[in-house]
Every structure is written in C-alpha cells, then in structure tokens.
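Take a look at the letters that make up each chain.
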Amino acid sequence: MARSAASFVCQACGARTRQFFGRCSACGGWNTLVEQRDTAVDNRRRRPVAVASEAEAPRRAHRSEPIASLGETPLQRLTSGYSELDRVLGGGLVPGSLVLLGGDPGIGKSTLLLQSARAMAEHQTVLYVSAEESAQQVKLRWRRLGEAADAGQATPALSLSRLQLLAETDLELVLQELEVLRPAVAIIDSIQALHDGELASAPGSVAQVRECAAALARIAKRQDTALVLVGHVTKEGLLAGPKVLEHLVDAVLTFEGDRFASHRLLRAVKNRFGATHELGVFEMRGQGLAEVSNPSELFLGQEGPCPGTATIVACEGTRPLLVELQALVSPTSYASPRRTATGIAVNRLHQILAVLEKHLGLPLSRFDCYLAVAGGLEVEEPAADLGVATAVVASFRDLTLPAGTVLVGELGLGGQLRQVSQLELRLQEAARLGFVRAVVPRGSGLGAQAAFGLQLLEAGSVAEALVAALGVDPAME
Ligand code: TYD
Ligand code: MG
C-alpha cells in the first residue's frame, strides 16, 4: 500500500510545505496553500509507460565528454506551414522540444494551431488533442479553415491528411495515444484542461498543470515529438499555472492582439532555439488567420499627414515596423491636466512632456494631452521618444509634418537626442515603404549610401530635431 502523504502546495508559486500556513513562506501570497496528495509517492506507484524502462536504461549510462570532440548534428526543424510562425519559433519546430503558446481567450490560439496542424499533417503525422472543445467542434473549424486553404491550393488532398484528432481530458489516455501513434508533432489544447486522475486537485491547478506538462515532456523527449502546449493567461495577462511550466518548456510564445482589431501579434518570450522578441503578424479573417507579411501597412494611417501625427520606426526583434503616432493637445479645464496614452507607457509620455516644457519652454502643463499608437500596437522602445515629442508639438502648434518623414531617436532628460539600436534596419524599411526623409540622432555614423536614398536630417537635441522635422522653431510664439 502506498503511504498516504499530504503536502501543501502554493497555487501562486508552486512552493511545497508539509504544514499548512496562511501565508506562503516562499512568495508571501495569502491563502494560496492547497492540500494535495504527495505526487512523489504517486509517481513511484504509477504504472511505468510501456517502452520506458528497457529502452531508456542503456542510454542513462552516459559519461561526460569533452565538448570539443562532440559531433554536431544540425538542428532539425519542422516547418509549421506558416512563415510568420516559423520566424517566431526561430525557423520551425524542433523535434523533441516543447513550446508553450499563451494568450487571452478567443484570441485565436486554437485557430492558429489547427491551421498549422493542418499544413504540417501533409508531410507527417500530427496529433491534435482537444481538451476544451469536442471533436465535432474541432472538425467544424477544421472544415471552415480548410475551405480557405483549399481555395488557394491546387491539391486539397483532405483525405490524405495525417491529422489525428483526440478529444480527451484524461492525461493517461493522451499519453497512451502519444505512445501508440508516435506523431512528429502533438498539440495539446490546452494544458489547463488536461487532468491527471491520480491527483485529487481540480484541472488547471498548479499541481495538475505541472504534473501533466512534465509527463508529456518526458514522452515527447523520448520519442522526438515536437510538443505544443496551449496555456491560458490570467487576468493580468501572465501565463496561468506554475512558473515551473515556463522553465520546463523550450519556448514560450504569446499570441496577443486587440479584440476589436483584426490583427494578432505572435511573440517569443523565451526561445532556446532562436531569438526572442521576434514578431509574427497575422490577421483574423472569416476563414482563419492570414499571414501579414508587410505589417507596416497595417500600422500606418491611410489618410496622409495631418496635424499631430508622426511616423516612427519601431523595431520588434529584427523586424522594423513603421507606426503612426497621433497626439491631441488641448487646453485643460481641470486643475491637473489629463494625460492618456494608448500603446505607450503613460510615464514615458509624462517624461517627454516634462522635457518639452523645460527645454523648449512650452506651457504643456496647462494642456491635456492624449496620445495613441495607430493600429493598437504596443510600442515599448525609447526610440519612439522623438516621434512622441514631435506629434505632441505638432498638435500643440497645429503643424503638419511634411509627407514622407520618419522620426527615430531617444530623448535624454537633458533634451539631448540619443542613439538608437538597429538604425540602418529601420531606415531601410522606411525607404522601402516610400519615405523620403528621416530625422535621426547626430553621430549615427551612417554615410549617405547607408541612408537608402533617404534624406538624413541629423539633430543633437530635441529642439534641433523639431526644427528639422517641422521646418519652424516650435519654441517661438
Ligand atoms: P480561438 O482559436 O477559438 O481562440 P482561443 O483558442 O485562443 O480561445 O478563436 C476564436 C475566435 O476567432 C472567435 O472569436 C472566432 C474567431 N474566428 C474568426 O474570426 N475566423 C475564423 O475562421 C475562426 C476559426 C475563428
Ligand atoms: Mg481555444
């Protein structure tokens, strides 16, 4: 008989104690400890999965080797069928690796993975485990997605698809299916809905998620299956479940977007096989997600220049994006002026307004200021500073920037303009999209030939940059 042991696990951080405390001693969370049967005992008891022990035994007797003499096997990649997804993965799925895909409900995680599974199943066996939706629901969606894909392709070959569907929430059955089928790729939608019958806690709890993910990881590594897990996010937008889940997997991708806009952004937060901060852009259409290979067009206004708008080049990983900023500055009727910013941290806006007030003498503290990034994109980089400053001043003075101007530069608190990273890449993208003029920090070291046909206006301070961009001195009344 197995010893019946109990332990208490913090639902916030995964820490484990033998005794109940009102407050978790590891993370300080209140009322987060939940009683659980000891999983270590349960694990020993669990029936070993068929092939495990014998096949694994000889491999365990590994010795260390000099790193220089180790042979290098080039990393194999399975293309996901979508180049935007492949880029974020670092070139495709790696066999035996684990990828966690997180995102708000309804953002399109299941759609993305089903579409990709569909494409991948043309060349290899793919198992799609739907723990949230019934087989019928998935089939309906599969059909809906297929209509779009088949319209563009000469060979529908639906009957040849090697996509296997399993609508199941029991971990044991999913593991068995993985062993029998030995798919090249397996998709678990979602890890929170899976449930290990040997644990008493409810599906989605820390212990359940951790145990399920660990069991799946073991089997995926053993049979070289690329495993993709869908994860829920919490109210705060963080991946739900224990932090250990993020350590366990090789890559963490997040799928995000504005519910009211149709585009979706896929990012890598962690990637053991590629660069993080790569960006993939999709658009949700009536028949699934379509790739957007030229996203700058999405974030540029179509109306042409008007007062209070400025275009910047933001860099997402290695991907430059032209983005339009809009500012509205109007006299305030409150004691303290209103400042709101969408798509940019409001503290950044405060800081830029303070710099403008101090160094250009603009009385902005008597004005409300609203700032928005077009297209619902989040811009975090300081390279957007000059664009924000220009949009604000242009709105304040009711000036319009000459068409075809981009602004790149970080603002120092002393009003100086600082260098930004990847300037060449940004300018190249601006030139490609038909921009003719760029205001950049002085001393960027770019020769005329590196400016890709753009007229470069170099400035050492925000005041100089604004004169160069707007053609008038904004500080003069
Ligand atoms: P879904 O993939 O179910 O989201 P998640 O798995 O992240 O919760 O996406 C569902 C949303 O996408 C739903 O609101 C409907 C919409 N949608 C489309 O607009 N077009 C489509 O072709 C599909 C399949 C879904
Ligand atoms: Mg879903």
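What you see is a predicted model; the values in this text were computed from it and never measured.

Student: Can you walk me through the pairing of strand 10 (residues 263–271) in this structure?
Tutor: Walk down a regular strand and you will see the side chains alternate between the two sheet faces. The element strand 10 is largely enclosed, with a buried count of 7 among its 9 residues. Across 7 bridges, strand 9 (residues 251–257) lies against strand 10 in antiparallel orientation. For Ala 251, the partnering residue across the bridge sits in strand 10 and is Asn 271. With 5 bridges joining them, strand 10 and strand 11 (residues 279–285) adopt antiparallel strand pairing. What sits directly across from Arg 267, in strand 11, is Leu 279.

Student: Can you help me understand the sheet that holds strand 7 (residues 185–189) in this one?
Tutor: Read across the open sheet, the 9 strands follow the order 6-5-7-8-4-9-10-11-12; overall the sheet is mixed. The outermost strands of the open sheet, each flanked by one partner alone, are strand 6 (163–166) and strand 12 (288–291). The average undirected angle you get between the axes of adjacent strands in this sheet is 25°. Packed onto the sheet, helix 6 (residues 171–181) meets strand 5 (126–130), strand 6 and strand 7 and runs at close to 170° relative to strand 5.

Student: Help me out: how do you make sense of the side chain of Glu 84 in this one?
Tutor: Along the chain, Glu 84 turns up in helix 3 (residues 83–89). Excluding residues that lie within four positions of it along the chain, Glu 84 makes contacts with Leu 279, Gly 280, Val 281, Phe 282, Glu 291, Val 292, Ser 293 and Arg 319.

Student: Honestly, the site of ligand 1 in this entry has me stumped. Any pointers?
Tutor: Taken together, 15 residues sit near ligand 1, with Gly 106, Ser 110, Thr 111, Arg 285 and Gly 288 positioned nearest. At a separation of 3.0 Å, an oxygen atom of ligand 1 approaches a polar backbone atom of Gly 108. For ligand 1, whose accessible area on its own is 560 Å², the fraction buried by protein is 73%. Mapped by element, the contributors of at least two residues to the shell around ligand 1 are helix 4 (109–120), helix 5 (135–152) and strand 11.

Student: Before we go on, may I ask you to explain the sheet that holds strand 14 (residues 319–331) in this structure?
Tutor: Hydrogen bonds between backbone atoms are what pair the strands of a sheet, whose relative direction is either parallel or antiparallel. On the basis of which strands lie adjacent, the open sheet formed by 7 strands has the order 15-16-14-13-17-20-21 and mixed pairing. Each end of this open sheet is capped by a strand with a single partner; those strands are strand 15 (339–342) and strand 21 (455–459). Within this sheet the neighbouring strands show an average axis-to-axis angle of 25°, counted without direction. Here 7 bridges tie strand 14 to strand 16 (residues 367–373), and the two strands are oriented antiparallel to one another. Its bridge partner lying in strand 16, Leu 325 is registered against Val 373.

Student: I tried to follow helix 13 (residues 462–470) on my own but got confused; where do I start?
Tutor: It helps to recall that an α-helix has 3.6 residues per turn; residues three or four apart then point in one direction. Those residues of helix 13 not exposed but buried are Val 462, Ala 465, Leu 466, Ala 469 and Leu 470. Projected onto a plane normal to the axis of helix 13, the buried residues spread over an arc of 105° and lie on a single side. Backbone geometry just downstream of helix 13 places Gly 471 in the positive-phi region, at approximately 80°.

Student: What's the story with the pairing of strand 7 in this structure? I'm lost.
Tutor: With 5 of its 5 residues buried, strand 7 lies for the most part within the structure. Bridge count for strand 5 against strand 7 is 5 bridges, and the pairing is parallel. Within strand 7, the residue paired with Tyr 128 across the bridge is Ile 187. Relative to strand 8 (residues 226–232), strand 7 is paired through 4 bridges, and the arrangement is parallel. Considered in strand 8, the bridge of Ile 188 is made with Leu 229.

Student: For this particular structure, what's the right way to read the environment of Arg 426?
Tutor: In this structure, Arg 426 sits in helix 12 (residues 423–432). Residue classification places Arg 426 among the buried positions, given a relative accessible area of 0%. Between the C-alpha atoms of Arg 426 and Arg 319, which are 107 residues apart in sequence, the distance is 8.5 Å. In contact with Arg 426, not counting residues within four places along its chain, are Val 313, Ala 314, Cys 315, Pro 320, Glu 381, Ala 383, Val 408, Val 420 and Ser 421. Within the local environment of Arg 426, its side chain forms a polar contact with the side chain of Glu 381, the two groups lying 2.8 Å apart.

Student: Could you clarify how one ought to interpret the pattern of salt bridges in this entry?
Tutor: Two side chains that carry opposite charge are able to pair once their charged atoms sit near each other. All chains considered together, the criterion is met by 12 salt bridges. Arg 426 is paired through a salt bridge with Glu 381; the nearest N and O atoms lie 2.8 Å apart. Of the two residues, Arg 426 is situated in helix 12 and Glu 381 in the loop between strand 16 and helix 11 (385–397); the sequence distance between them amounts to 45 residues. Note on accessibility: Arg 426 and Glu 381 belong to one class, buried. Linking Glu 429 and Arg 432 is a salt bridge whose minimum nitrogen-to-oxygen distance equals 3.2 Å.

Student: Could you clarify how one ought to interpret the environment of Leu 33 in this entry?
Tutor: Within the secondary structure, Leu 33 is located in strand 3 (residues 33–37). Linking Leu 33 and Gly 14, residues 19 residues apart in sequence, is a C-alpha distance of 9.0 Å. Leaving out residues up to four positions away in the same chain, Leu 33 has contacts with Phe 8, Val 9, Cys 10, Thr 17, Gln 19, Phe 20, Phe 21 and Cys 24.

Student: Before we go on, may I ask you to explain empty space enclosed by the protein in this structure?
Tutor: Over the atoms, a rolling probe the size of a water molecule traces out where space has been left empty. Enumeration over the complete set of coordinates arrives at 2 cavities of 30 Å³ or more. Around the largest cavity sit 13 residues that line it, and Leu 85, Leu 89, Leu 93, Leu 113 and Val 228 are the ones nearest its centre. The set of elements that each furnish at least two residues to the lining of the largest cavity consists of helix 3, strand 4 (98–103) and helix 4. Among the elements that take part in the lining of the largest cavity, helix 4 stands out by supplying 4 residues, more than any other. Of the volumes computed, that of the second largest cavity is approximately 50 Å³. Every residue along the wall of the second largest cavity is listed here: Arg 77, Leu 89, Gly 92, Leu 93, Val 94, Ser 97, Leu 98, Val 99, Asp 250, Ala 251, Asn 271 and Phe 273.

Reading guide: rules and limits
Residues numbered from 1 in each chain as written. Chains lettered and ligands numbered in written order. Predicted model: local features only at pLDDT ≥ 70, side-chain atom pairs only at ≥ 80, totals over all residues. Heavy atoms only, no water. Buried < 20%, exposed > 50% of the residue type's maximum accessible area, 1.4 Å probe, protein only. Helix = DSSP H or I, 4+ residues; strand = E, 2+ residues; numbered from the N terminus. Pairing = 2+ DSSP bridges. Axes fitted to C-alpha atoms, helices over the stretch in contact; angles between N-to-C directions. Contact = heavy atoms within 4.5 Å. Near = heavy atom within 4 Å. Polar contact = N/O pair within 3.5 Å; in protein donor to acceptor, adjacent residues only side chain to side chain. Areas by Shrake-Rupley, 256 points an atom, 1.4 Å probe, with all protein chains shown as cover. Arc of directions from axis to C-beta. Salt bridge = Lys/Arg side-chain N within 4 Å of Asp/Glu carboxyl O. 1 Å grid on protein atoms, 1.4 Å probe; cavity = no way out; pocket = protein on both sides within 12 Å on 5 of 7 lines; lining within 4 Å. Points joined across faces, edges and corners; volume = space filled by probe spheres on them.

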